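Observations on the three-dimensional arrangement
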Amino acid sequence: MVPGTGASPSPEQLQDLLLESPGFTDFLLGLTTISATRLGGPEPMLCAITVERNGSPATVASSCEEAKRLDEKQYTFDDGPCLTALRSGTTVLVPDVAADDRWAHYASTVSGEGIRSVLAVPITTDPGSAAALNCYARTSGVFDSETVAEVERHAVSMSRILRLALKVHPPEIYPEHLQSALKSRAVIDAAVALIMIQNRCSREQSLELLHLAARATDTKLHTIAADILEGASLPSVDPPE
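Thresholds applied
- Residues numbered from 1 in each chain as written.
- Predicted model: local features only at pLDDT ≥ 70, side-chain atom pairs only at ≥ 80, totals over all residues.
- Heavy atoms only, no water.
- Core = buried A, V, L, I, M, F, W, Y, C linked by side-chain atoms within 4.5 Å.
- Buried < 20%, exposed > 50% of the residue type's maximum accessible area, 1.4 Å probe, protein only.
- Helix = DSSP H or I, 4+ residues; strand = E, 2+ residues; numbered from the N terminus.
- Contact = heavy atoms within 4.5 Å.
- 1 Å grid on protein atoms, 1.4 Å probe; cavity = no way out; pocket = protein on both sides within 12 Å on 5 of 7 lines; lining within 4 Å.
- Points joined across faces, edges and corners; volume = space filled by probe spheres on them.
- Phe/Tyr/Trp six-rings, centres within 6.5 Å; stacked < 30°, edge-to-face > 60°.
- Lys NZ or Arg CZ within 6 Å of the ring centre and 35° of its normal.
- Salt bridge = Lys/Arg side-chain N within 4 Å of Asp/Glu carboxyl O.

Quick notes on the nonpolar core
In terms of nonpolar packing, the biggest core is built from 31 residues, with Phe27, Leu28, Leu31, Leu133, Cys135 and Leu162 touching the most fellow members. If one sorts the elements of this core by residue count, helix α6 (residues 145–168) sits on top with eight residues. Residue contacts for Leu133: discarding those within four places in its chain leaves Ser35, Leu39, Cys47, Ala48, Ile49, Leu119, Ala120, Val121, Ile123, Val151, His154 and Met158. Core analysis: the second largest hydrophobic core is formed by 17 residues, Ala67, Val92, Val94 and Val97 among them.

So, in structure tokens, the structure goes:
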């Protein structure tokens, strides 16, 4: 992969981005768009930035909706290359998700999305927060040593402005019941994706199968979804037309 096809933003441009962004998520969205442009070469780059702050759900912003889904899926399993990079402060490279057994459930899910390679690089922040730049590619082995080094340099260049943004925009405190609802939705979304892969069906058909199983067994949707992610089989139901 040929890195660095876009121009690096100047410190002044990054400061302007922060000043002009109405909120923290909008600022992160700008950073991910810059990252996708800066790092993208002949192979399109899907980029996302994940930020964790104490007492607040993670903030995820992405260069496209697909990259956001890929990042959010990790929180269903509370594990994955991006979360490992974010929490350990070390770069994580997955050259081919089909041949990597470190995160089996997550690897299966992203493979179903057509992703073959993942690179996650931590972004240094102040104590009480952590961040990572996550890059996805549809081809295996595209993150060569030169590309990894370029992404790491880009992550370093974003550290200062991200630390400043964390001070400017305080964390949003979600009520406990809302945090629970967000986590429940993530579990259901991941189970739906897994059913799609296993049954080779559409998202709508997969969701209908999940609802039918919940009604047939008189079980909450979240419980059925969590069981499936733990390896349980989907209860037998008549498939939707």
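Some points on empty space enclosed by the protein
Enumeration over the complete set of coordinates arrives at one cavity of 30 Å³ or more. Space inside the largest cavity adds up to approximately 60 Å³. In this structure, the largest cavity is lined by Pro81, Val94, Val97, Asp100, Arg102, Trp103, Tyr106, Ala107, Val110 and Val118. The biggest single contributor to the lining of the largest cavity is helix α5 (residues 104–112), with three residues.

A word on the packing of aromatic side chains
The description of an aromatic ring pair rests on the distance of the ring centres and on the angle between the ring planes. Tallied over the entire structure, the rule returns one aromatic pair. Over the ring of Phe24 we find Arg53, and its NZ or CZ is 4.6 Å from the ring centre.

Quick notes on the pattern of salt bridges
All chains considered together, the criterion is met by eight salt bridges. Notably, a salt bridge pairs Glu150 with Arg153, separated by 2.7 Å at the nearest N-O pair. Remark: Arg153 and Glu150 occur in helix α6; sequence separation between them is three residues, near one turn of the helix. Look at the salt bridges and you will find they share partners, linking Arg38, Glu150 and Arg153 into a network.

This is a description of form; function is not addressed.
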